Amino acid sequence: MARTVLDEIRESVPARMELNVPMADHTTLRVGGAADVVVYPEDRDALARLLGLLAARDVPWIVLGNGSNLVVRDGGIRGAVVSLGDGFDAVEDRGEDGDGRRLVRVEAGVGLRRLVRWSVDQGVGGFEFLVGIPGSVGGALAMNAGAWEAEIGDRVEELEVLVPGEGLRLLSRDELAFRYRGVDLPEGAVVVGAILAGQPSDPEHVKARAKELYQRRRETQPVGRPSAGSVFRNPASGPPAGWLIEDCGLKGVRVGDAEVSQIHANFIVNAGRAKASHVVSLIGMIQERVYVNHKVKLETEVQIVGDWEKGKLRIQE
Ligand SMILES: Cc1cc2nc3c(=O)[nH]c(=O)nc-3n(C[C@H](O)[C@H](O)[C@H](O)COP(=O)(O)OP(=O)(O)OC[C@H]3O[C@@H](n4cnc5c(N)ncnc54)[C@H](O)[C@@H]3O)c2cc1C
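Residues numbered from 1 in each chain as written. Predicted model: local features only at pLDDT ≥ 70, side-chain atom pairs only at ≥ 80, totals over all residues. Heavy atoms only, no water.

Student: Just checking my understanding: could you explain the pattern of salt bridges for this structure?
Tutor: Oppositely charged side chains may form a pair once their charged atoms are brought near each other. The final tally for this structure, using the stated rule, is 25 salt bridges. For Glu317, the salt bridge is made with Arg10, and the minimal N-O distance between the two is 2.7 Å. Taken as a pair, Glu317 in the segment after β20 (303-305) and Arg10 in helix α1 (residues 5-12) lie far apart in primary sequence, 307 residues in all. What emerges from the salt-bridge pattern is a single network uniting Arg44, Glu92, Arg94, Arg105, Glu107 and Glu160. (Salt bridge = Lys/Arg side-chain N within 4 Å of Asp/Glu carboxyl O. Helix = DSSP H or I, 4+ residues; strand = E, 2+ residues; numbered from the N terminus.)

Set out below in structure tokens:
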């Protein structure tokens, strides 16, 4: 029998694999059909081999962080989902640099929650704004996650990326152009880690600031309910997306179990058994109403990926 892509991965890539994986279990909004396969490469070398093999066999792939900014369509994902988990979870204190800043090297699979906890324990200021963002370091860097007028891109000294066909590249601060919820990376690059810089500070002060920002989040966002965070990007000028949506009277409006949050109108929550089709219909409805009432075209911040129909699997035994 002909060797399948799965056989080749098993033979040459140190990685765990799961087949036919419901993406609702891997995304914070908890919608989405199954991916053909989720591959968890053990380390950078395994990741490089995996990407080489997928390219050689022309298999489409996406990289998954914590799935907190993703809407996966109901037919799932044909091809491979690459997850940087356990093999990419180091947090390494690099001490102070010549300018008195405190450096830390973090790998892409580290949860932002762990990074914030590290900064509190060590008394390193500058990461408190990340409290309550349920992403991974890799996802946060790819998305240039931000809150309370700060962005993770502002803390980056060096970015470690794996470029398919090229290998590991270190991109210094000057080579990087972070923008609102994004950064320009070489084609197909996967973020594997970064060196970030904070300021030495009093641990009690850092803790108090993180606590305060978490409290503010709890008061203004549907914390604890399944969502993908802010659905729309804020327009470059004028009122923010949440204000525009609320002004259209859309809080609480539902399509199926997808609901515009009563607490923050730029969040869609899964109120039970929402499907991606409900979420995407609701997104369309919001865009239409905001355009009619305010002549503003809202663009999504969440990323909508995958297929509507299951179709023919791209990878199988
Ligand atoms: C309750 C809640 C609150 C939120 N609040 C905020 C907020 O205040 N500010 C904010 O900016 N966002 C917020 N978000 C959105 C989300 O958490 C962020 O965008 C986060 O940075 C996404 O990280 P992730 O690991 O979950 O990425 P994923 O959702 O898994 O992926 C997002 C994108 O990044 C890409 N990606 C992931 N990992 C890598 C990698 N290693 N290399 C290259 N590309 C990669 C993916 O392919 C995808 O395109 C919130 C979400 C929720 C659910």
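So much for the structure itself; the text now carries on.
Student: Please explain unusual backbone geometry as it appears in this structure.
Tutor: Most of the time, phi is negative for any residue but glycine, and the peptide bond is trans. In this model, Asn20 sits at a positive phi of 50 degrees, which is unusual for a non-glycine residue. The topology assignment puts Asn20 in strand β1 (residues 15-22). The class of Asn20 is partly exposed, set by a relative accessible area of 46%. With a phi close to 55 degrees, Arg181 is a non-glycine residue in the positive phi region. Note on placement: Arg181 falls in the loop between β13 (178-179) and β14 (182-183). What makes Arg181 buried here is its relative accessible area of 16%. (Buried < 20%, exposed > 50% of the residue type's maximum accessible area, 1.4 Å probe, protein only.)

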